[in-house]
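So the chains spell out like this:
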Amino acid sequence: MKRYAVVCALALLFLSFTQTESEKIGNGRIVFESDMDGNFELYSIQNNGSDLQRLTTDMGIDAHPCFSPDGKFIAFTSQRNGKFDIYSISAEGGEPIQITKHNGTNKVPCFSPDGKKIVYESNMDGNYELYSISLDGTNRKQLTHTEAPIQNFGPKYAGDGTRIAFASNRDGEKDTTNDIYILNTADGSCLKLTENMDNTEGISWSPNGKEIVFNSVVNGVGQLFVVDVKSKKVKQLTQSEGNPNPFAPGGVFPVIRGEATPHWTPDGKKILFASDRDNHYDLYQMNPDGTEVTRLTSLDYFSLSPCCQPLTQN
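One structure accompanies this document, and this report is about it. Here the structure is a predicted model, which is why all the values come from computation and not from measurement. (Residues numbered from 1 in each chain as written. Predicted model: local features only at pLDDT ≥ 70, side-chain atom pairs only at ≥ 80, totals over all residues. Heavy atoms only, no water.)

Thoughts on the sheet that holds strand 17 (residues 211-218)
An order of 16-17-18-19 is seen for the four strands of this open sheet, with the pairing classed as antiparallel. Edge positions in the open sheet fall to strand 16 (203-205) and strand 19 (234-236), since each of these has one partner strand only. Put simply, the sheet's adjacent strands are angled 30 degrees from each other on average, direction ignored. Relative to strand 18 (residues 221-228), strand 17 is paired through eight bridges, and the arrangement is antiparallel. By the bridge assignment, Val 213 is partnered in strand 18 with Val 226. (Pairing = 2+ DSSP bridges. Helix = DSSP H or I, 4+ residues; strand = E, 2+ residues; numbered from the N terminus. Axes fitted to C-alpha atoms, helices over the stretch in contact; angles between N-to-C directions.)

A few points about unusual backbone geometry
Here the residue pair Ala 148 and Pro 149 is connected by a cis peptide bond, since its omega of 15 degrees sits within 30 degrees of zero. On the secondary structure map, Pro 149 appears in the loop between strand 11 (141-142) and strand 12 (152-157). Residue Asn 139 is not a glycine yet carries a positive backbone phi of 60 degrees. Looking at the element boundaries, Asn 139 is found in the loop between strand 10 (129-134) and strand 11. Of note, Asn 196 is a non-glycine position whose phi angle comes to about 60 degrees, a positive value. With respect to the helices and strands, Asn 196 occurs in the loop between strand 15 (190-192) and strand 16.

Overview of the pattern of salt bridges
Going through the model one piece at a time under the given rule, you end up with 13 salt bridges. Residue Asp 51 is joined to Arg 29 by a salt bridge in which the shortest nitrogen-to-oxygen separation is 2.8 Å. Taken together, the residues span a long stretch of sequence, with Asp 51 in the loop between strand 2 (41-45) and strand 3 (53-54) and Arg 29 in strand 1 (residues 27-34) at a distance of 22 residues. For Arg 29, a relative accessible area of 14% corresponds to the buried category. Linked by salt bridges that have partners in common, Asp 37, Glu 41 and Arg 54 make up one network. (Salt bridge = Lys/Arg side-chain N within 4 Å of Asp/Glu carboxyl O. Buried < 20%, exposed > 50% of the residue type's maximum accessible area, 1.4 Å probe, protein only.)

A look at the nonpolar core
If you look at the biggest cluster of nonpolar residues, it comprises 21 residues, and the most contacted ones within it are Ile 30, Ile 61, Phe 247, Phe 253, Tyr 281 and Leu 283. Secondary-structure elements contributing two or more residues to this core are strand 1, strand 2, strand 21 (271-275) and strand 24 (303-310). What Phe 253 contacts, discounting residues up to four positions off in sequence, is Glu 33, Phe 40, Ile 61, Ala 63 and Phe 247. (Core = buried A, V, L, I, M, F, W, Y, C linked by side-chain atoms within 4.5 Å. Contact = heavy atoms within 4.5 Å.)

Considering the pairing of strand 14 (residues 179-184)
The buried fraction of strand 14 amounts to five of the six residues, a majority that puts the element mostly inside the structure. Relative to strand 15, strand 14 runs antiparallel, the two sharing three bridges. Among the inter-strand pairings, Ile 182 is bridged to a residue of strand 15, identified as Leu 191. Here strand 14 folds back onto strand 15, and the loop between the two strands holds five residues, one of which, Gly 188, carries a positive phi near 80 degrees.

Thoughts on the packing of aromatic side chains
Applying the stated criterion across every chain, the model contains twelve aromatic pairs. Ring geometry for Phe 40 and Phe 247: centres 6.3 Å apart, planes at 80 degrees, overall edge-to-face. Here Phe 40 is found in the loop between strand 1 and strand 2, whereas its partner Phe 247 is found in the loop between strand 19 and strand 20 (259-264), with 207 residues between them in sequence. Taking relative accessible area as the criterion, Phe 40 reaches 7% and is therefore assigned buried. An angle of 25 degrees between the planes, with centres 5.8 Å apart, marks the rings of Phe 166 and Tyr 181 as stacked. (Phe/Tyr/Trp six-rings, centres within 6.5 Å; stacked < 30°, edge-to-face > 60°.)

Structure below.
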């Protein structure tokens, strides 16, 4: 009996451990932007597409949501005060807090892995450059230093905090062609990862930091690709035909067709993305190799920029 009791106790301990570990690496809710109520606001759903909840209510556009590493807050772009700035809000909704208050258009935020600052793009000095800023709006730092017509877009931190992936036309022959680069946060050096790509909407690191999924335009249609950071080998994941009518609402949104805004889930098992393959932009998920595509939303409106909430121990 004593031996049986010991075995049961060990089994319970093992179950408790595995559940805790699963919670630490699992996926929570998915936040995204949608115009289902007439204006682009932030919404969230369970990771199976259920339990739709509205998080923001404002006449200005709310877009580009990004969860904090602890999953408790969301940084996003908002036009609520007449110009585009970076705000943060509780993951359950509530009153947003404004972070950036300087000139220009400030958008596409991403939390640092330690949760202490945000990296974003801004054209406050004419062309789009990358900046970082503390959550209280102090310690703004310019990370890239280029001149027009060069532009730098969509910064995303790697999990180790030492690298930032972004898109830029700095070495392209065409002003509109944006390849993927990696910025070293220690010395400001940049590594070019792709050649002849055209990233317009979305970059996301794999949780292990070995790959980056991104959108690139091929013959006028957005497709999803993965690039291996070490080898620079690029693999195309989708073969979308795209909606004949491109998505062109203006504001902070580019003209896009096909697949867009990819996001790797925290457990590394899925890639979330937006697609117009079934008319309006809805949210989908697939395996990292492009197989088993599943539709998550059927809202008949434009839904973009999914970001999955990390689950951590309380």
